[in-house]
Amino acid sequence: MPHRVAVLALDGLLPFELGIPHRIFGRSLDPVPGNKGGKLYEVVTCSIRPPGPVRTDSDYAILVEHGPEALATADTVVIPASYELGPVFEEGRLTEELAAALALIRPGTRMVSICTGSYVLAAAGYLDGRPATTHWSSADHFQRTFPQVRVDPDVLFIDDGDVLTSAGVAAGIDLCLHLVRRDHGSAVANEIARRTVVPPHRDGGQAQYIHRPVPEPQFATTTAARAWALGRLDRPILLRDMARQESMSVRTFTRRFREEVGISPGQWLTQQRVERARHLLESSDLSIDQVARDAGFGTPTSLRQHLQAALGVPPTVYRRTFRRASADTP
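What you see is a predicted model; the values in this text were computed from it and never measured.

Things to note about unusual backbone geometry
In the Ramachandran plot, valine 169 falls in the positive-phi region, its phi being about 50 degrees despite a non-glycine side chain. Its place among the elements puts valine 169 in the loop between strand S12 (163–166) and helix H6 (171–184).

A word on the nonpolar core
By size, the foremost hydrophobic cluster in this structure holds 36 residues, and its most contacted members are Ile24, Phe25 and Val180. Broken down by secondary-structure element, the contributors of at least two residues to this core are strand S1 (3–8), helix H1 (15–25), strand S4 (41–46), strand S6 (61–64), H6 and helix H7 (186–196). At seven residues, the largest contribution of residues to this core is made by H6. When residues no more than four places from it in sequence are discounted, the contact partners of valine 180 are Ile24, Phe25, Tyr41, Gly185, Val188, Ala189 and Ile192. One finds Met111, Phe142, Val151 and Val163 within the second-largest nonpolar core, a separate group that totals 32 residues.

Focus on the pairing of S4
Of all six residues in S4, five are buried; the element is thus mostly enclosed. Where S1 lies against S4, six bridges are found, and the strand directions are parallel. Across the sheet, residue alanine 6 finds its bridge partner in S4, namely valine 44.

Cut-offs applied
- Residues numbered from 1 in each chain as written.
- Predicted model: local features only at pLDDT ≥ 70, side-chain atom pairs only at ≥ 80, totals over all residues.
- Heavy atoms only, no water.
- Helix = DSSP H or I, 4+ residues; strand = E, 2+ residues; numbered from the N terminus.
- Core = buried A, V, L, I, M, F, W, Y, C linked by side-chain atoms within 4.5 Å.
- Buried < 20%, exposed > 50% of the residue type's maximum accessible area, 1.4 Å probe, protein only.
- Contact = heavy atoms within 4.5 Å.
- Pairing = 2+ DSSP bridges.

Everything listed is a geometric property; what it means functionally is a separate question.
Here it is as structure tokens:
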């Protein structure tokens, strides 16, 4: 059976964030290298009450057809943001109704929050002693309300294994794509991103709030340099060479790059090379030596170190995991 995702709709929810899991997880896919396609997830929306209307933060309600019993059958539970969390937001405690609904969740179920849905996870104790994030504007309040949580206010999302939290709004898309990538590999995640018309990958550690995310019209951007680098990841790429593509000094280019992307050029290059390596490991039979060269890491040792740092597994284990997952996909 497909992996079952239950999305918990709470009063005061944001319709955009409620729709993210359905858009990312809910579509059938054509076969791609490394995966047979079809329906990879079953997505249901549920309430903490019997089926019926749930208020949104807009001028309409939504009709939810599943009650809290759907939580008991979920493999993953997603909790989007709500503007009516009441004592959860104000005092850090669950209401009796919400606590009873969450008690139905089976041990080992993967828990995911989007934006201030993290308040529900924290109030339920899922984040005690663990790293987590939330919308940057709520981070200080979140930390004061839940001092036992290790809050990182700067990142797009945090994957702590069976509990994952994301920053606000569009960061929920990044987190859901990350889950697809974790479950089914980068080829499947990239295809879903392409259909959704969003970037295929923004690393969880990328800054969620950039003071000047869009350069002023009279300023040049670093887009051409990034495109140039992506076309030659298998070769050495120096910072001065990237700056030359934009006719900028290294200092100006580095500052402009960070303003636009949120991380340094070196960090970005490493991310792109890790993504290239993942794709090659999933979709080709190239040797580890060749994958290391084609991804720009040069040696198997360097590839192993970077993949271990990014994903927690060496290349051979990563390839074996996704080959097995592909064979098992219905």
